[in-house]
Amino acid sequence: VPSGALPAEVEITMTPVVEIVEMGLTGGLVGGVDLEPSGLVFARPAILRMSAPAPARAGFTLNGFSFEGNAATLAREVAGGTATGATVLVTHFSGAGVAYGTSQDLARVTP
């Protein structure tokens, strides 16, 4: 969390997410976290870095996403990275993660 991102000191928790049903990114979940307190908004984005156990298979890329509640809808998030890791900018608290997806998958995920 960058300096000045929050107006006051806040206790933050991250709970690992091991599964998202009907995620829409067909290559599978690399990992994710449920971030609390829900609804917290940053003045400057925080950075979530996640490592993948292996490079993406042919036709798939690593994609950053955010979600709210039970993750029925994913939103693409700015991500950068390498073949085995990704960085996601987190602007608000709900949930965030990284998954493998195809270009067709991404066309169905909210920009």
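Note: the structure precedes this text.
Computed from a predicted model, the values in this text were never measured in an experiment.

1. Examining the overall build of the protein
Point 1. Within the protein, the regular secondary structure consists of one helix and eight strands.
Point 2. In sequence order, the protein lays out its α and β elements as β-β-β-β-β-β-β-β-α.
Point 3. In terms of overall dimensions, the protein has C-alpha extents of about 45 × 25 × 25 Å along its principal axes.
Point 4. A burial count over the protein gives 40% of its 111 residues as buried.
Point 5. Put simply, 73% of the contacts in the protein that link residues at least 6 apart link residues at least 24 apart.

2. Focus on a nonpolar patch on the surface
Point 1. Taken together, the side chains of Val-1, Val-10, Ile-12 and Met-14 present a nonpolar region at the surface, about 330 Å² in accessible area.
Point 2. Mapped onto the elements of the fold, Met-14 is located in strand β1 (residues 13-17).

3. Concerning the nonpolar core
Point 1. Ranked by internal contacts, the top residues of the largest apolar core, which has 19 residues, are Leu-35, Phe-42, Leu-48, Leu-62, Val-90, Phe-93 and Val-98.
Point 2. Listing elements by their share of this core, those giving two or more residues are β2 (28-36), β3 (41-51), β7 (85-92) and β8 (95-101).
Point 3. Here the element with the most residues in this core is β3; it accounts for four residues.
Point 4. Those residues in contact with Val-98, other than ones at most four positions away along the chain, are Leu-29, Val-30, Gly-31, Met-50, Leu-62, Asn-63, Phe-65, Ala-86 and Val-88.

4. Things to note about the environment of Asn-70
Point 1. Here Asn-70 shows up in the loop between β4 (61-67) and β5 (74-76).
Point 2. As a C-alpha pair, Asn-70 and Asp-34 span 36 residues in sequence and 9.9 Å in three-dimensional space.

5. Notes on the environment of Ser-66
Point 1. Assignment of secondary structure puts Ser-66 in strand β4.
Point 2. The class of Ser-66 is buried, set by a relative accessible area of 9%.
Point 3. Excluding anything up to four places from it in sequence, Ser-66 contacts Thr-73, Leu-74, Ala-75, Glu-77, His-92, Gly-95 and Ala-96.

6. Some points on the sheet that holds β4
Point 1. In spatial order, the strands read β1-β2-β8-β4-β5; together these five strands make up an open sheet with antiparallel pairing. Single-partner strands in this sheet number two, and they are β1 and β5. Adjacent strand axes in the sheet meet at a mean angle of 30°, parallel and antiparallel pairs treated alike.
Point 2. By the bridge criterion, five bridges tie β1 to β2 in an arrangement that is antiparallel. Residue pairing across strands places Thr-15 opposite Asp-34, the latter belonging to β2.

7. Looking at unusual backbone geometry
Point 1. A cis amide bond links Glu-36 to the next residue, Pro-37, at an omega of 10°.
Point 2. Residue placement: Pro-37 occurs in the loop between β2 and β3.

8. So, the side chain of Ser-94
Point 1. Looking at where Ser-94 falls in the secondary structure, it is placed in the loop between β7 and β8.
Point 2. Using a relative accessible area of 5% as the deciding quantity, one classes Ser-94 as buried.
Point 3. At a separation of 2.5 Å, a polar atom in the side chain of Ser-94 contacts the main-chain carbonyl oxygen of Phe-67.
Point 4. When near neighbours in sequence (up to four residues on either side) are disregarded, Ser-94 contacts Val-33, Asp-34, Leu-35, Phe-67 and Glu-68.

About the cut-offs
Residues numbered from 1 in each chain as written. Predicted model: local features only at pLDDT ≥ 70, side-chain atom pairs only at ≥ 80, totals over all residues. Heavy atoms only, no water. Helix = DSSP H or I, 4+ residues; strand = E, 2+ residues; numbered from the N terminus. Buried < 20%, exposed > 50% of the residue type's maximum accessible area, 1.4 Å probe, protein only. Contact = heavy atoms within 4.5 Å. Patch = residues over 30% accessible without salt bridge, like charges linked within 9 Å, V, L, I, M, F, W, Y side chains within 5 Å. Areas by Shrake-Rupley, 256 points an atom, 1.4 Å probe, with all protein chains shown as cover. Salt bridge = Lys/Arg side-chain N within 4 Å of Asp/Glu carboxyl O. Core = buried A, V, L, I, M, F, W, Y, C linked by side-chain atoms within 4.5 Å. Pairing = 2+ DSSP bridges. Axes fitted to C-alpha atoms, helices over the stretch in contact; angles between N-to-C directions. Polar contact = N/O pair within 3.5 Å; in protein donor to acceptor, adjacent residues only side chain to side chain.

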